[in-house]
Amino acid sequence: MLEDYIEAHSSVEPAWLYELNRRTNLRLLNGRMCSGPVQGRLLKMLVGMIRPARVLELGTFSGYSALCIAEGLEGEATLDTIEADDELEDFILESFAQAPAEISSRIRLHIGAALQEMDRFDAGTFDLVFIDASKREYPDYYRKAKPLVRSGGYIIADNTLWDGHVTDPAYDRDAQTCGVRLFNDMVAADPEVEQVMVPLRDGLTLIRKL
């Protein structure tokens, strides 16, 4: 399969991330929501290229993507990550505890609804925001995230192809599909950003605030 070929020709995830990916798929429902090794290596590389001082993640899930982002941080850089499901808190903290301390110590976990937790932060606080939470709320995340990102900063959104449902009329009444479609249309029509949609896994959109 092409996916296997891509993974075989990408950098290998560290052993502790491999174990987290495995535990995620064994112990959590919807384990496929985990970013996985290729996307995880891309997130780390993008963070290394952008070199952000502060990053915000919406949707922690098992903590895999948060740790990949934190891997790429340098100096005193930090990551705030927000997870709405309080039942995942123990699993996430376990994930962070099993990662190297120099990586996990950069992460601050917030449990609560993303749209409410985002009110904690001032405009221009972040250099990068990674959106990977409730798809039906993607348009609202974008409206709130954009002011939080400094000029020249980035927003990265996951699942923007949504299993191909974004182009399938059979999903016209599906709230999550509609949320992703509206988000995609909002970004494409926004003159204050430039963007590119990458067909990696379930779609990854890179957005730069002008």
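As shown above, the structure is provided for reference.
Presented here is a report on the structure given in the accompanying data block. (Residues numbered from 1 in each chain as written. Predicted model: local features only at pLDDT ≥ 70, side-chain atom pairs only at ≥ 80, totals over all residues. Heavy atoms only, no water.)

**Some words on the nonpolar core**
Here is step 1 of the chain: Ranked by internal contacts, the top residues of the largest apolar core, which has 30 residues, are Leu67, Ile69, Leu73, Leu79 and Ile107.
Here is step 2 of the chain: For this core, the elements supplying multiple residues, two or more each, are helix H2 (15-27), helix H3 (36-50), helix H4 (64-72), helix H5 (89-97) and strand E4 (126-131).
Here is step 3 of the chain: Element by element, the count of residues in this core is highest for H4, at 6 residues.
Here is step 4 of the chain: Beyond its immediate sequence surroundings of up to four residues, Leu73 is in contact with Val47, Pro52, Val55, Thr78, Leu79 and Arg106. (Core = buried A, V, L, I, M, F, W, Y, C linked by side-chain atoms within 4.5 Å. Buried < 20%, exposed > 50% of the residue type's maximum accessible area, 1.4 Å probe, protein only. Helix = DSSP H or I, 4+ residues; strand = E, 2+ residues; numbered from the N terminus. Contact = heavy atoms within 4.5 Å.)

**Examining the pattern of salt bridges**
Here is step 1 of the chain: Considering all chains together, one arrives at 15 salt bridges under this definition.
Here is step 2 of the chain: One salt bridge in this structure joins Asp127 and Arg150, with 2.5 Å as the shortest N-O distance. Residue Asp127 is found in strand E4, and its partner Arg150 is found in strand E5 (residues 149-158); the two are separated by 23 residues along the sequence.
Here is step 3 of the chain: On the accessibility criterion, Asp127 (11% relative accessible area) is buried.
Here is step 4 of the chain: A salt bridge links Arg208 to Glu194; the nearest nitrogen and oxygen atoms lie 3.6 Å apart. Of the two residues, Arg208 is situated in strand E7 (residues 204-209) and Glu194 in strand E6 (residues 193-198); the sequence distance between them amounts to 14 residues.
Here is step 5 of the chain: The exposure class of Arg208 is partly exposed, given its relative accessible area of 29%.
Here is step 6 of the chain: Among the charged side chains, a salt-bridge network with shared partners connects Arg23, Arg27 and Glu94. (Salt bridge = Lys/Arg side-chain N within 4 Å of Asp/Glu carboxyl O.)

**A closer look at the pairing of E5**
Here is step 1 of the chain: Counted residue by residue, E5 has 7 buried out of 10 residues, so it is predominantly covered.
Here is step 2 of the chain: Across 5 bridges, E4 lies against E5 in parallel orientation. Within E5, the residue paired with Phe126 across the bridge is Val149.
Here is step 3 of the chain: After leaving E4, the chain enters helix H8 (residues 138-148) and then returns to the sheet as E5, a path that is right-handed.
Here is step 4 of the chain: Alignment of E5 against E7, held across 5 bridges, turns out to be antiparallel. Pairing of Ala157 across the sheet is with Thr205, part of E7. (Pairing = 2+ DSSP bridges. Right-handed = clockwise from strand over helix to strand, strands pointing away.)

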